[in-house]
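Structural description and commentary
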Amino acid sequence: MTADSARPTETAPGDALEPTGAPDAAAVLASAVALDSERAVDAVATLLRGKRAAVLTGAGLSTDSGIPDYRGAGAPIRTPMTFQTFVADERSRKRYWAGSHLGWRVFRQAEPNLGHRSLVQLENSGAIAGIITQNVDGLHTRAGSRHVVELHGSLDRVICLACGQAFGRDSIAARLETDNPVLRHPESIRIAPDGDADVGNIDDFVVPNCTVCGGMLKPNVVFFGELVPTETFLEASAVIQGADALVVAGSSLAVNSGIRLVEQARRRRLPIVVINRGVTKGDGRALHKLEAGTSETLAALTERLLG
C-alpha cells in the first residue's frame, strides 16, 4: 500500500452532503401541493366571479362538525336501513329508532362549521343562487342559509306514514326516552351520516306511534330504496336552472339524485366545479376538480370572491 492510497478519500464536490437546514423532499412536495392548491382556488374564483352558483353539498361538508362521512377514509362498513325493511320488519324498526335516537342526540350537538358559514356569506352577497344538500343534519339552515333544498329530508322532523301528520323531532325524542329509560344514559355512540347508531339489545324497545291516528312514524328523511319526493327534486332542479355555475362540495355523487342534478347542469353547459377528497362520479363532467377539504376551500373561495 502506498502512502497516497492510505490517505482518506476526498469527497468530490458533486457528492458533498446537503447543508444542514436544506428542505427535504417531503417539504418540497408539500410546498408544491400547497402552491397548486392555491392556483386551483384562484382559477375557480376567476371562473365564479360575477356568476350566481348553485351549490350541491354532501356529507363531506359536515365532517368538520363531527358528523362522519359515508365513504371517506375510515368510514365504517355499514348496511343502511331501507324503506322496505323499515315498513315490513318490526324488529328492524326498533333497531332503527333506537340507533336513530342516539344519533339524533349527537346531531343536535353539532354546530355549523367554516364551510357552512362561508356559504352563508356567499349567499348574502348574491354569489349563490341556492343550496341543494344531500345532508339531513340541518346545519345549513342553522348556519343562516335561507334558500336551502333538503334533497333527502331532515332529521328534525317526523311524519306519520298513515295520515301524514308531522311532528317535531324533539317531541318524539322525549317520548322515546320516557318509554325507553336506557336511552337516557348511553355509554357509547358511534353515529353515521344519516343519524343512525349501533345499539345493543332492542327486544323490549318501545317504538313511538302517531298520536293522531296510531299509524307508523318515520323520520322525514329519504331511506335507501325510497325516491326523493317529486316536488323536492323539482325545487332542486329549479335552483340549477336559475344558476350560472354549479359547485359540488363534499359529495362523491354516488347517489342517483345528486348525479342527475350534475347532469342537468352539464346539459345546460354550466361550468361545474367539484370540491371533494377522493374520486366522484362527477369528475369527468367537471371543469375543475379540487382534491381538497370543503371547509377550507370554501373559505378560501369566499375570501377571494368577497375580498
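In case you missed it, the structure is sitting above this.
Residues numbered from 1 in each chain as written. Predicted model: local features only at pLDDT ≥ 70, side-chain atom pairs only at ≥ 80, totals over all residues. Heavy atoms only, no water.

On to the sheet that holds strand 5 (residues 166-168). The strand order across the open sheet formed by three strands is 5-4-6, and the pairing between neighbours is antiparallel. Looking at the sheet topology across the chains shown, the edges are occupied by strand 5 and strand 6 (217-221). Taking the axes of each pair of neighbouring strands and ignoring which way they run, one obtains an average angle of 40° across the sheet. Bridging between strand 4 (residues 153-160) and strand 5 involves three bridges; their strand directions are antiparallel. If you follow Ile159 over to strand 5, its bridge partner there is Ala166. Sitting on the sheet, helix 7 (residues 169-179) is in contact with strand 4, strand 5 and strand 6, with an inclination near 75° to strand 5. (Pairing = 2+ DSSP bridges. Helix = DSSP H or I, 4+ residues; strand = E, 2+ residues; numbered from the N terminus. Axes fitted to C-alpha atoms, helices over the stretch in contact; angles between N-to-C directions. Contact = heavy atoms within 4.5 Å.)

Right, let's talk about the sheet that holds strand 9 (residues 288-290) for a bit. Taken in spatial order, the six strands of this open sheet run 3-2-1-7-8-9, and their pairing is parallel. Of all strands in the sheet, those bounded by a partner on one side alone are strand 3 (148-150) and strand 9. Along the sheet, successive strands turn relative to each other by an average axial angle of 15°, direction set aside. Alignment of strand 8 (residues 272-275) against strand 9, held across three bridges, turns out to be parallel. Across the sheet, the residue bridging to Val273 is His288, located in strand 9.

Judged by which residues are buried, strand 8 turns out to be covered on both faces: Ile272 and Val274 on one side and Val273 and Ile275 on the other are all buried. Bridge analysis of strand 7 (residues 245-249) against strand 8 gives four bridges, and the strand direction is parallel. Following the sheet pairing, Ala249 is matched in strand 8 by Ile275. (Buried < 20%, exposed > 50% of the residue type's maximum accessible area, 1.4 Å probe, protein only.)

With that settled, the discussion passes to the nonpolar core. Core analysis: the largest hydrophobic core is formed by 26 residues, its most contacted members being Tyr96, Trp97, Leu155, Ile172, Phe205 and Leu217. Of the residues forming this core, the biggest block, six residues, is contributed by helix 4 (residues 90-109). Dropping the residues within four chain positions of it, Ile172 is found in contact with Trp97, Val158, Phe167, Pro208 and Leu217. (Core = buried A, V, L, I, M, F, W, Y, C linked by side-chain atoms within 4.5 Å.)

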